[in-house]
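Read off the chains here:
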Amino acid sequence: MSRYDVIILGGGPAGMRAAITARQHGLDVAVIDEGQRPGGQIYRAPSRDLQPHERAGATDLAQGERLRAAVAESGAHLLTRHRAWAAAPGIRVDCIAPDGPISLEADALILATGTIERVIPMPGLTLPGVIGLAAATILLKAHAVVPGGPTVVAGVGPLLYAVAAGIGKAGGRVAAVVDLLAPSEWAGALLGLISRPDLLARGAGWMAGLRRAGVPIHHRATLAAIHGGRGVEAVEIAPVAADWSMIPGGPQSRIAAASVAVGHGLVPATEFARLMGVAHRYDAARGGWVPEVSEDGRAGENLYIAGDCAGVSGAAAAELAGSLAGLGVARDLGRISDDTYEKLTARLRPSLRRAQRFGWTISAMMALRPGLACGIAPKTIVCRCEDISRQAIDNAVAGGVRHVNQLKSTTRCGMGPCQGRSCADAAAEIVAANTGLSREAVGIWTPRVPLRPIPLEIALGDFTYADIPWPPMLPA
Amino acid sequence: MHDTLVVGGGVMGCAVALHLARAGQRVVLLEKGGLCMQASGVNAGTLAIQIKRAALIPYALRGWEMWSDARQWLGSDAGFHQVGGVTLAFTQEEAEMLAERMEARRRNGAPIEMVGSNRARELEPGLSDKPVLASWCALDGYASSNELGMLFRAALANADVEVREFASVDAIDRLSGGYTARTLAGPVSASRVVLAGGMWLEALLKRDFGIHIPLICRVNQVSVTERMPPIMRRVVGVATGQLTLKQSQNGTVIIGGGWQGKGDPERGGYEVIPENLIGNLRLASYAVPALRKARVVRTWLGLEGNTEDAMPIVGELPGAPNAFVIGGVRGGFTIGPFMGMLLAQHILGQQPEMPIFDPTRAIVPSPSAAGKTTRRPDSAS
Ligand SMILES: Cc1cc2nc3c(=O)[nH]c(=O)nc-3n(C[C@H](O)[C@H](O)[C@H](O)COP(=O)(O)OP(=O)(O)OC[C@H]3O[C@@H](n4cnc5c(N)ncnc54)[C@H](O)[C@@H]3O)c2cc1C
Ligand SMILES: Cc1cc2nc3c(=O)[nH]c(=O)nc-3n(C[C@H](O)[C@H](O)[C@H](O)COP(=O)(O)OP(=O)(O)OC[C@H]3O[C@@H](n4cnc5c(N)ncnc54)[C@H](O)[C@@H]3O)c2cc1C
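Residues numbered from 1 in each chain as written. Chains lettered and ligands numbered in written order. Predicted model: local features only at pLDDT ≥ 70, side-chain atom pairs only at ≥ 80, totals over all residues. Heavy atoms only, no water.

Chemist: Can you lay out the overall build of chain B for me, pointing to particular residues and giving the numbers?
Modeler: Within chain B, the secondary structure is distributed over 10 helices and 21 strands. Taking 381 residues into account, the globule formula puts the C-alpha radius of gyration at 21 Å, and chain B, at 21 Å, falls close to it. The dimensions of chain B, computed from C-alpha atoms along their principal axes, are 65 × 40 × 40 Å. Buried residues in chain B amount to 66% of all 381 residues. In chain B, the share of contacts with a sequence separation of at least 24, taken over all contacts with a separation of at least 6, comes to 70%. Counting only carbon and sulfur atoms, one obtains 50% of the accessible surface of chain B, whose full area is about 13,800 Å². Computed over 38 positive and 35 negative side-chain charges, the separation of the two mean positions in chain B equals 3 Å. (Helix = DSSP H or I, 4+ residues; strand = E, 2+ residues; numbered from the N terminus. Rg over C-alpha atoms; globule rule 2.2 N^0.38 Å. Buried < 20%, exposed > 50% of the residue type's maximum accessible area, 1.4 Å probe, protein only. Contact = heavy atoms within 4.5 Å. Areas by Shrake-Rupley, 256 points an atom, 1.4 Å probe, with all protein chains shown as cover. Lys, Arg positive; Asp, Glu negative; His and termini not counted. Charge placed at Lys NZ, Arg CZ, Asp CG, Glu CD.)

Put into structure tokens, the structure is as follows:
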């Protein structure tokens, strides 16, 4: 079994910066990431087959390449194409590597697993041609691919405008932007965003570009349905109230489209932290369930959590949090003194706070409001893996279900290969709304390993009967 | 004031409550979490006669009968499927063990026959060519443990049992004429109390009755694959009892056999041990090679409390009149409904259909319990 001083799970901005920092203090570091190269979501590495002119479209490319180069030079072991499926105190991380299963050990662990995209279902979501909003950024960045147009871009948050602008820039056509927020809500957020005038200007640029191109922007609106047969043909746009519930009898409009990019925010990927026994609380403004950590990201003995998986706060904050976590481990493992730690972190904390102020303003705008999931129609599928409809969830709650774990065992909602990552929020919102309980009270699914499916062909390896490690027998 | 207060809403507690209520008692059931969310809802759901302890075969047969008849007493078939099962020996040594163990079970009434490896492959075409000997039992099958909480909730409501979920019993006080359970939502009193706390029984007995019955905490591992086209039709086990394998109606394959993870009553099952997961999967694919094409999507752990002699404790507590215990039943999903009925019969003053299992034999003196109870080691019924 390979052993390191510290394992960093996730090679996004938080993980890369944590690795660089830990290396600076002489720690033996392994970075695990399932991607082909480090980078994470925002700095997703462009595919190597892309031509230089195709790569040019990727925003943030330069910063991503700088970080990638720095982490490569740092001497950290970069275990890419390693998919972690479990972690345990002690510390052990179990992965499926390209050649089979391996377990890695370390004295400390930094979790930097980022976020997953939230999509609250509507009729037609499973039609070919519908993709996630965040997934669309990956198509644009990693593969320079534009969804087949005309495209409707719908949901909430800055990614809406980033994707719409990106499609336009890459030669695609945007049929409409459908934004859950009102213009006044964007204006109200300005104060929190002013700390990053560069990003604010970039956002304004996207908006102006869309306006110039004559792209209609529907505010305080949602996709009531996506229509089509073998693919997307049209979408139904409906106005929403402040809680994002569709206004009954409100004016709906139907527009033609060939593809849809839709996303309702980002959710911290907390499954590893929960598996490690870290306490969590529900905070809609940070993306949902977030781990209880100190300001420096410390979650327990030799355990740190950094970046968006500790609460959505954006790439700049993720990097700074990564640095803090790297320093925390260096101190915990005796590589730097408490004094040095205080000195080094004191310089970082103000920048982190500034970056968080920006990031948290954005994540608060994307915070899920109760009307969206409440409006899911009875026949709409909530859990795609197991084919569980809204109606089935309503029935389960009527039958006495009060916690999402009960929902899971009685309906199989969330039991499929995606481990409930896609439907967790929608399902919990429905249980909370129908029971009148809070999101805290209806809880969160107990994480079950493997957190990623394990293909037996790879996991089992070649073995003989004698290689099976029999446990002791019980009395017959 | 209720007639009976049941602490713990697993299969044991729910079954006792249901039978008492149907006999006319006013019953209240208090459950820390949701009904059947612990062992009774996360078990592998195997109803295999072949792998039950020989001494419990008569009970297992009656439990099996109740599952086959679940619609009648539970209001739903609970996903019961009788598909038959084969149990395999892969070595000469295992073949001897298999023959010996199955003979003991047959003597106690289990309809098991020994079959050669060719016949075994006829019965289950999904098998590899590795088995040297097998046994066959046409009764073996499975039911859906994950639905059990929902089904009991409806059945208990119909029988007018007052069920309180998410109501942990923090203490049980003995008072004249009965017992009072303390919960966050206030006290609950009844003339009798039934402790059906699964692996948590040891702590309950010690805390509230000063009785020490050590339970071995088994942290059982179960895995499930994603849906697959049909690869097998029977329940497949092995001579040592360390595999249960079956493909459910929805195409997923459920892999169990009591391989161990890490866990304890405070934290539950908290860590899957990779070697034990891989070991369990290797054994499964050794028996049914088509599993190599599968992906495992979920592995979970559940706690099962076993007594030191691996026999049930079902009966009245010594020195605590009208306080009863039910637990320690290995294979308790299969046998649970029947065990619950037996204890209900006993509580109702009827002659139980089969002997119950006096808990006194399992009590060990503990310093904290000194003076409260005495050990009577030879009084098992
Ligand atoms: C799909 C997507 C696209 C996004 N696009 C943008 C964008 O264009 N602009 C923007 O400002 N923000 C974007 N965001 C938000 C962005 O995630 C954050 O601002 C920032 O990237 C957070 O950095 P991080 O290091 O915390 O996590 P991430 O960058 O998300 O990095 C987490 C890393 O962990 C790895 N990982 C997770 N689980 C495992 C596992 N089990 N095994 C192995 N590796 C694992 C992932 O592969 C990933 O590389 C996007 C988010 C998502 C989900
Ligand atoms: C993973 C696993 C796989 C198994 N596979 C099989 C199988 O395939 N076939 C088979 O026949 N058997 C199987 N078994 C065995 C079977 O599941 C158990 O024997 C049976 O479910 C035990 O039932 P129970 O009611 O005693 O315990 P439990 O189901 O654990 O119920 C005890 C209940 O008491 C509650 N409780 C505890 N303390 C308190 C308190 N203070 N206040 C209120 N409530 C409290 C708990 O929350 C719990 O719900 C398996 C067991 C496990 C764990």
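Chemist: Summarise the overall build of chain A; cite the residues concerned and give the values.
Modeler: Scanning chain A from terminus to terminus reveals 16 helices and 23 strands. For chain A, with 476 residues in total, the buried portion stands at 56%. The long-range fraction of contacts in chain A, counting pairs at least 24 apart against all pairs at least 6 apart in sequence, stands at 67%. Within chain A, one finds 46 positive and 41 negative side-chain charges whose respective centroids are separated by 5 Å.

Chemist: Would you mind going over empty space enclosed by the protein in detail, with residue names and values included?
Modeler: In this approach a probe as big as a water molecule rolls over the atoms, and the regions it shows empty are the leftover space. Residue and element names in this part refer to chain A. By the definition in use, this model includes six cavities of 30 Å³ or more. By volume, the largest cavity amounts to about 420 Å³. Per-element accounting of the lining of the largest cavity gives the leading share, four residues, to helix H14 (residues 424-435). Both domain 1 (2-116 + 267-365) and domain 3 (376-442) contribute no fewer than three residues apiece to the lining of the largest cavity. (1 Å grid on protein atoms, 1.4 Å probe; cavity = no way out; pocket = protein on both sides within 12 Å on 5 of 7 lines; lining within 4 Å. Points joined across faces, edges and corners; volume = space filled by probe spheres on them. Domains from an automatic or database assignment.)

Chemist: Provide a residue-level description of the interface of chain B and chain A, including the pertinent values.
Modeler: The interface is formed by 52 residues belonging to chain B together with 46 residues belonging to chain A. Together chain B and chain A conceal approximately 4,600 Å² of surface at their shared face, both sides included; 59% is due to carbon and sulfur atoms. Across the chain B-chain A interface, the total number found is four salt bridges. For the pair chain B and chain A, the interface holds 17 residue pairs in polar contact (both at pLDDT 80 or more). (Buried area = accessible area lost by both parts, 1.4 Å probe. Salt bridge = Lys/Arg side-chain N within 4 Å of Asp/Glu carboxyl O. Polar contact = N/O pair within 3.5 Å; in protein donor to acceptor, adjacent residues only side chain to side chain.)

Chemist: Can you break down the nonpolar core residue by residue, with the values?
Modeler: Counting residues in each nonpolar core, the largest one holds 98 residues, and the members touching the most others are Leu195, Phe209, Leu245 and Leu291 of chain B. The element contributing the most residues to this core is helix H9 (residues 274-287) of chain B, with seven residues. What Leu291 of chain B contacts, discounting residues up to four positions off in sequence, is Leu456 of chain A together with Thr225, Ile231, Leu245, Val253, Ile255, Ala284 and Ser285 of chain B. Within the second largest apolar cluster, 64 residues are counted, among which are Val6, Met12, Leu74 and Ala155 of chain B. (Core = buried A, V, L, I, M, F, W, Y, C linked by side-chain atoms within 4.5 Å.)

Chemist: How would you explain the pairing of strand S10 (residues 171-175) of chain B if you had to name every residue and give the values?
Modeler: The side chains of a regular strand alternate between both faces of the sheet. Residues and elements named next belong to chain B. Here S10 pairs with strand S11 (residues 178-183) via five bridges, running antiparallel. When the bridges of S11 are listed, Arg174 appears paired with Tyr179. Once S10 ends, the chain turns through two residues before running back antiparallel as S11, passing Gly177 with a positive phi of about 80°. (Pairing = 2+ DSSP bridges.)

Chemist: Account for helix H5 (residues 158-169) of chain A, naming residues and giving values.
Modeler: Residues and elements named next belong to chain A. With 12 residues, H5 should cover 16 Å at 1.5 Å per step; its first-to-last C-alpha distance of 16 Å lies within 8% of that length. All of the buried residues along H5 are Leu160, Tyr161, Ala162, Val163, Ala164, Ala165, Gly166 and Ile167. Once H5 ends, the next one or two residues include Gly171, with phi positive near 95°. (Expected span 1.5 Å × (residues − 1).)

Chemist: Requested: an account of the site of ligand 1, with residues and values cited.
Modeler: All names here are of chain A. Around ligand 1 there are 30 residues in total, and Ala14, Asp33, Gln41, Lys141 and Asp308 lie nearest to it. Separating a nitrogen atom of ligand 1 from a backbone N or O atom of Glu34 is a distance of 3.1 Å. For ligand 1, whose free accessible area comes to 960 Å², the fraction covered by protein is 90%. When residues of the shell around ligand 1 are traced back to their parent elements, those giving at least two are helix H1 (13-24), strand S4 (83-88), helix H4 (133-143) and helix H9 (314-332). If one sorts the elements of the shell around ligand 1 by residue count, H4 sits on top with four residues. Broken down by class, the residue content of the shell around ligand 1 amounts to 12 nonpolar, 12 polar and six charged. Counting contributing residues, the shell around ligand 1 receives three or more from each of domain 1 (2-116 + 267-365) and domain 2 (119-264). (Near = heavy atom within 4 Å. Nonpolar A, V, L, I, M, F, W, Y, C, P; charged D, E, K, R; others polar.)

Chemist: Can you explain the site of ligand 2? Please cite residues and give values.
Modeler: Residues and elements named next belong to chain B. Close contacts around ligand 2 come from 35 residues, with Glu31, Ser40, Thr46, Val169 and Thr334 the closest. In the model, an oxygen atom of ligand 2 is placed 2.5 Å from a nitrogen or oxygen of the Ser40 side chain. Measuring from an oxygen atom of ligand 2, one finds a backbone N or O atom of Gly332 at 3.1 Å. When residues of the shell around ligand 2 are traced back to their parent elements, those giving at least two are helix H1 (11-22), helix H2 (39-42), strand S13 (216-225), strand S19 (295-306) and helix H10 (332-347).

Chemist: I'd love a proper account of the pattern of salt bridges, names of residues and values included.
Modeler: Applying the stated criterion across every chain, the model contains 48 salt bridges over all chains. A salt bridge links Glu185 of chain A to Arg220 of chain A; the nearest nitrogen and oxygen atoms lie 3.7 Å apart. Residue Glu185 of chain A is located in helix H6 (residues 183-193), and its partner Arg220 of chain A is located in the loop between strand S11 (217-219) and strand S12 (221-228); the two are separated by 35 residues in the primary sequence. Between Asp208 of chain B and Arg207 of chain B there is a salt bridge, with the nearest N and O atoms lying 2.9 Å from each other. For Arg207 of chain B, a relative accessible area of 42% corresponds to the partly exposed category. Overlapping salt bridges, with partners in common, bring together Glu34, Arg83, Glu271, Arg421 and Arg452 of chain A in one network.

Chemist: I'd like to hear about unusual backbone geometry, residue by residue, with values.
Modeler: Looking along the chain, the bond that leaves Gly90 of chain A and enters Ile91 of chain A is cis, with omega of 0°. Assignment of secondary structure puts Ile91 of chain A in the loop between S4 and strand S5 (92-97). The step from Val449 of chain A to Pro450 of chain A runs through a cis peptide bond, and the omega angle for that step is -10°. With a phi angle near 65°, Asp160 of chain B is a residue other than glycine that sits in the positive phi range. The exposed category is assigned to Asp160 of chain B, whose relative accessible area is 67%.

Chemist: Can you lay out the packing of H6 of chain A against helix H10 (residues 338-365) of chain A for me, pointing to particular residues and giving the numbers?
Modeler: Residue and element names in this part refer to chain A. At a minimum axis separation of 8 Å, H6 and H10 run at an interaxial angle of 160°. Our classification of the angle between H6 and H10 gives roughly antiparallel. By crossing handedness, the relation of H6 to H10 is classed as right-handed. When H6 is examined against H10, the residues Glu185, Trp186, Ala189, Leu191, Gly192 and Leu193 are found in contact with a partner set consisting of Arg357, Phe358, Thr361, Ile362 and Met365. (Axes fitted to C-alpha atoms, helices over the stretch in contact; angles between N-to-C directions. Parallel < 35°, antiparallel > 145°, perpendicular 65-115°, else oblique. Left-handed = near helix turned anticlockwise from the far one by under 90°.)

Chemist: I'd like to hear about the domain arrangement of chain A, residue by residue, with values.
Modeler: All names here are of chain A. Splitting chain A by domain gives domain 1 (2-116 + 267-365), domain 2 (119-264) and domain 3 (376-442). The C-alpha-based centres of domain 1 and domain 3 are spaced at 31 Å. Area buried by domain 1 at its contact with domain 3 is led by Ile116, Tyr282 and Trp289, which between them contribute 73% of it. Joining domain 1 to domain 3, the criterion identifies one salt bridge. The salt bridge involving Glu271 is made with Arg421; its shortest N-O contact spans 2.5 Å. Broken down by class, the residue content of the side of domain 1 that touches domain 3 amounts to four nonpolar, no polar and one charged.

Chemist: Please set out the packing of helix H12 (residues 390-398) of chain A against H14 of chain A residue by residue, giving values where relevant.
Modeler: Residues and elements named next belong to chain A. At a minimum axis distance of 10 Å, the contact between H12 and H14 shows a crossing angle of 45°. Judged by the inter-axis angle, H12 sits oblique to H14. Handedness of the crossing formed by H12 with H14: right-handed. Of the residues in H14, those in contact with Arg390, Ile393, Asp394 and Val397 of H12 are Ala427, Ile430, Val431, Asn434 and Thr435.

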